[in-house]
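Remarks on the overall topology
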Amino acid sequence: MERLIPQNPDQASKEAREIQNISRSVLLQVRELISDMQSIDLGEECQQAAQICESAGISFKLERNDELGGAPPIIRNILSLCLRECVTNVVKHSGAHKCTIRLEEGPGKYILQVEDDGVGIAKENHDRFGSGLLGMKERLLLIEGKLEMVTGETKGTKITIIVPKVKKPAITEGIQ
Ligand SMILES: Nc1ncnc2c1ncn2[C@@H]1O[C@H](COP(=O)(O)OP(=O)(O)O)[C@@H](O)[C@H]1O
Ligand SMILES: [Mg+2]
């Protein structure tokens, strides 16, 4: 961009503004995450989910092979927010009788799955995702996570979130 300044100052200032906007939005997201981080924990969020489902008359099941206790706080935090959003959606939109949450630590990845047996999301509505689903995808980008959705009318909805484990650089590297 620096080379653009003398050649094309208009374009350069437009690009500078874009960069400024992007950094503002990233900063806002990070601030939001940090302020949420103090109050959210994955284990507590699972209990909360059970309560929310129970009070909505939806039977709730939690299957887990791990509490993901070894996952870094940022991953636990983002997964907690995703869990909250998914369960809110189940209660708000699905009309389900049953909701199952799976929390797994697999080789190289963490998995969160939220499944319901409700009305599902019709294909034609897939490009009308609201702020909830889009917000989850945006947050997941920060930890290179991805969200997959299996759904169809009357077949319920299954959301699978997969987050790769971060490879920590070996501390001993370079130490003789
Ligand atoms: N579990 C679900 N069952 C049925 N429909 C759902 C479910 N989750 C989401 N939806 C549909 O997808 C839409 C988008 O969801 P979302 O992005 O969370 O926005 P919002 O919850 O604010 O409407 C919802 O309005 C709803 O129509
Ligand atoms: Mg929502």
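Check the entry above for the structure.
Remember, it's a predicted structure, so these values are computed and weren't measured experimentally. (Residues numbered from 1 in each chain as written. Chains lettered and ligands numbered in written order. Predicted model: local features only at pLDDT ≥ 70, side-chain atom pairs only at ≥ 80, totals over all residues. Heavy atoms only, no water.)

Turning next to the site of ligand 1. Ligand 1 sits among 13 residues. The nearest are N89, H93, D116, G130 and L133. Within the backbone of G132, an N or O atom sits 3.3 Å from an oxygen atom of ligand 1. Surface burial for ligand 1 is 78%, taken as the share of its 540 Å² of free accessible area covered by protein chains. Counting residues per element, the ones that place at least two in the shell around ligand 1 are α4 (73-94) and α5 (131-141). Tallying contributions element by element places α4 first for the shell around ligand 1, with five residues. Here the residues of the shell around ligand 1 are counted per class, giving two nonpolar, eight polar and three charged. (Near = heavy atom within 4 Å. Polar contact = N/O pair within 3.5 Å; in protein donor to acceptor, adjacent residues only side chain to side chain. Areas by Shrake-Rupley, 256 points an atom, 1.4 Å probe, with all protein chains shown as cover. Helix = DSSP H or I, 4+ residues; strand = E, 2+ residues; numbered from the N terminus. Nonpolar A, V, L, I, M, F, W, Y, C, P; charged D, E, K, R; others polar.)

What follows deals with the packing of helix α3 (residues 42-55) against α4. α4 packs onto α3 with a crossing angle of 5° between their chain directions and a minimal axis gap of 9 Å. Considering their axes alone, α3 and α4 lie roughly parallel with respect to each other. Touching L42, G43, E45, C46, A49, I52 and C53 of α3 are R76, L79, S80, L83, R84, V87 and V91, all from α4. Across the contact of α3 with α4, the residue classes tally to nine nonpolar, two polar and three charged. (Axes fitted to C-alpha atoms, helices over the stretch in contact; angles between N-to-C directions. Parallel < 35°, antiparallel > 145°, perpendicular 65-115°, else oblique. Contact = heavy atoms within 4.5 Å.)

For the pair α4 and α5, the least separation of the axes is 10 Å and the interaxial angle reads 165°. Judged by the inter-axis angle, α4 sits roughly antiparallel to α5. Every pair of crossing elements has a handedness; the one defined by α4 and α5 is left-handed. Note on element contacts: α5 touches α4 through G132, L133, M136, R139 and L140, opposite I78, L81, C82, E85, C86 and N89. For the contact of α4 with α5, a count of residues per class yields seven nonpolar, two polar and two charged. (Left-handed = near helix turned anticlockwise from the far one by under 90°.)

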